[in-house]
Amino acid sequence: YTTLSYVFGWFEKNTLEKIEQPVDNVIFPPIEMHSCTYNKNKNELIIFGGYSKGELLNTMYSFSLETKTFSKIEYPDQDIIPIPRSSHSALIVDSILYIFGGSAKDGQLLNDLWKFDLNTFMWEKLSPEENEEETVKKDWPKPRSGHSMCYQGNNTMYLFGGKVGNLNEAND
């Protein structure tokens, strides 16, 4: 594992900046299969979940694009948080981070939707519960990992593709 991170600056100029964390104070562990989204309100990257050193994560970090430093985001309510996952999708709308699906322990595929308020640091589950109406659950996306999600505006998110079963790729 390495303590290096890279910032590509291709929007205004073609640059590559290498950022090295002090080895004795590594806040941000090496992570794979995580999500990374841009929070324009605070000019930071938000990193959630993933897989590190043999363990699935549900932790969150911010990376300030101004100071080039990582910080761990603590959740005040530990009772309402998503289970650890990797290969999920994430996006930020205004000051809300949304995450969907991914892969949990033992490869279990997920289809839960969560929102995280980046101002209050509180999670809320948005996906249907077991006791919801069948019509809502019938139209809900299948469990998946490795998919993508984007925001179009007009309160519309699109979810596409991913792995929905044992090596079955989706095109919905």
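Above this note sits the structure.
Heads up: these notes are all about the structure in this document. Just so we're clear, the structure is a prediction, and the values are computed from it rather than from any experiment. (Residues numbered from 1 in each chain as written. Predicted model: local features only at pLDDT ≥ 70, side-chain atom pairs only at ≥ 80, totals over all residues. Heavy atoms only, no water.)

For the structure on display, the rule yields seven aromatic pairs. For the pair Tyr 75 and Phe 116, a centre-to-centre distance of 5.6 Å together with 70° between the ring planes defines the contact as edge-to-face. Remark: Phe 116 occurs in strand S9 (residues 109-117) and Tyr 75 occurs in the loop between strand S6 (70-73) and strand S7 (89-93); sequence separation between them is 41 residues. Both residues of the pair, Tyr 75 and Phe 116, belong to the buried class. Between Phe 116 and Phe 121, the aromatic rings sit 6.2 Å apart at their centres with planes inclined by 45°, giving tilted as the arrangement. With relative accessibility at 30%, the residue Phe 121 sits in the partly exposed group. Clustering of aromatic rings is evident, with ring pairs tying together Phe 48, Tyr 75, Trp 114, Phe 116, Phe 121 and Trp 123. (Phe/Tyr/Trp six-rings, centres within 6.5 Å; stacked < 30°, edge-to-face > 60°. Helix = DSSP H or I, 4+ residues; strand = E, 2+ residues; numbered from the N terminus. Buried < 20%, exposed > 50% of the residue type's maximum accessible area, 1.4 Å probe, protein only.)

On the basis of which strands lie adjacent, the open sheet formed by four strands has the order S3-S4-S5-S6 and antiparallel pairing. Strands at the two margins of the open sheet, each flanked by one partner only, are strand S3 (35-39) and S6. Here the strands of the sheet are splayed against their neighbours by 25° on average, with no regard to which way each runs. Relative to S6, strand S5 (residues 55-64) runs antiparallel, the two sharing four bridges. Counted as the bridge partner of Ser 62 is Ser 71 from S6. (Pairing = 2+ DSSP bridges. Axes fitted to C-alpha atoms, helices over the stretch in contact; angles between N-to-C directions.)

Examined against the element boundaries, Ser 52 turns out to sit in strand S4 (residues 44-52). The class of Ser 52 is buried, set by a relative accessible area of 7%. Among the polar contacts listed, one links the side chain of Ser 52 to the backbone oxygen of Pro 30, at a separation of 2.5 Å. Look past the residues within four positions of Ser 52 in its chain and what remains in contact with it is Pro 29, Pro 30, Ile 31 and Leu 57. (Polar contact = N/O pair within 3.5 Å; in protein donor to acceptor, adjacent residues only side chain to side chain. Contact = heavy atoms within 4.5 Å.)

Let us look at the side chain of Asp 112. Tracing the sequence through the fold places Asp 112 in strand S9. Side-chain polar atoms of Asp 112 contact the side chain of Trp 114, separated by 2.8 Å.

With that settled, consider the sheet that holds S9. Pairing is antiparallel in the open sheet, where four strands are placed in the order S7-S8-S9-S10. In the strand order of this sheet, the two ends are held by S7 and strand S10 (122-125), each with one partner. Direction aside, the axes of adjacent strands within the sheet are offset by 20° on average. Summarising the sheet, strand S8 (residues 96-103) and S9 pair through seven bridges and their orientation is antiparallel. In the strand pairing of S9, Ile 99 is matched with Trp 114.

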